Amino acid sequence: MKVTYYPGCSLESSARDYDESIKAVCRALDIHLQEPKNWTCCGATSAHSLNEKLAIDLPARNLPEFESMGQDLLVPCPLCYNRLIRAKEKKGSAVPIHDMASFMAQPDMLEKIRSAVKTPLTGLSAVCYYGCMANRP
């Protein structure tokens, strides 16, 4: 399976460990991440609080390149996801955009994960943290 992968600015700097984990999991699941060559920052850190037009135009600049790749788009950062979804709605793009949690929770992905398990974590108590932006706007 091939998907377009938008790492955004954070995953290439302060969240590199998250990026490395995503890439390792996707390799194990035979998911090929294809990063667009000319992506730009979506402006999630401040554009939305400074200028509504800029908050749409920055992420929208990426949409034609994502569309030209002809694949679903995977966006791990919840803020980038939020900005790209808003731009898609305003500009009328057809590219399917997925956040990481929803992408991995699709029935076919869950089956892939189940079949890739090497050491079951039966009996392990775990707490899941989705982040403050993953489940709400």
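Above this text is the structure in question.
Residues numbered from 1 in each chain as written. Predicted model: local features only at pLDDT ≥ 70, side-chain atom pairs only at ≥ 80, totals over all residues. Heavy atoms only, no water.

Quick word on the overall build of the protein chain
And then number 1: The helix and strand tally for the protein chain stands at eight helices and four strands.
And then number 2: Counting helices and strands in the order they occur from the N terminus, the protein chain gives β-α-α-β-α-α-α-β-α-β-α-α.
And then number 3: When the backbone C-alpha atoms are referred to their principal axes, the protein chain occupies close to 50 × 30 × 25 Å.
And then number 4: Taken over 137 residues, the protein chain has a buried fraction of 34%.
And then number 5: Pairs at least 24 residues apart make up 72% of the contacts formed inside the protein chain by residues separated by at least 6 positions.
And then number 6: Split by element, the accessible area of the protein chain, about 8500 Å² in all, is 55% carbon and sulfur. (Helix = DSSP H or I, 4+ residues; strand = E, 2+ residues; numbered from the N terminus. Buried < 20%, exposed > 50% of the residue type's maximum accessible area, 1.4 Å probe, protein only. Contact = heavy atoms within 4.5 Å. Areas by Shrake-Rupley, 256 points an atom, 1.4 Å probe, with all protein chains shown as cover.)

Section: the pattern of salt bridges
And then number 1: Within the structure shown, the criterion is met by five salt bridges.
And then number 2: Note that Lys23 and Asp19 form a salt bridge whose closest N and O atoms lie 3.1 Å from each other. Of this pair, Lys23 and Asp19 both sit in helix H2 (residues 16-28), separated by four residues, roughly a single helical turn.
And then number 3: Classification of Lys23 as partly exposed rests on a relative accessible area of 31%.
And then number 4: Residue classification places Asp19 among the buried positions, given a relative accessible area of 9%.
And then number 5: Of the charged contacts, one joins Arg86 and Glu89 as a salt bridge, the two residues approaching to 3.5 Å between their closest N and O atoms. Of the two residues, Arg86 and Glu89 both sit in helix H6 (residues 78-91), three residues apart, roughly one turn of that helix. (Salt bridge = Lys/Arg side-chain N within 4 Å of Asp/Glu carboxyl O.)

Details of the packing of aromatic side chains
The description of an aromatic ring pair uses the distance of the two centres, along with the angle that the planes make with each other.
And then number 1: Counted by the stated rule, this structure contains two aromatic pairs.
And then number 2: Considering the side-chain rings of Tyr6 and Trp39, the 5.2 Å spacing of their centres and the 75° angle between planes classify their relative orientation as edge-to-face. On the criterion of sequence distance, the pair formed by Tyr6 in the loop between strand E1 (2-5) and helix H1 (8-11) and Trp39 in the loop between strand E2 (32-34) and helix H3 (47-50) is long-range, its members being 33 residues apart. Per residue, the accessibility class of Tyr6 equals that of Trp39, and both read buried.
And then number 3: Aromatic side chains Tyr6 and Phe66 sit 5.7 Å apart centroid to centroid with 75° between the ring planes, which places their arrangement in the edge-to-face category. Placement of Tyr6 in the loop between E1 and H1 and of Phe66 in helix H5 (residues 63-69) is noted, with a sequence separation of 60 residues between them.
And then number 4: For Tyr6, a relative accessible area of 1% gives the class buried.
And then number 5: For Phe66, a relative accessible area of 1% corresponds to the buried category.
And then number 6: Through a chain of ring-to-ring contacts, three or more aromatic side chains come together here, namely Tyr6, Trp39 and Phe66. (Phe/Tyr/Trp six-rings, centres within 6.5 Å; stacked < 30°, edge-to-face > 60°.)

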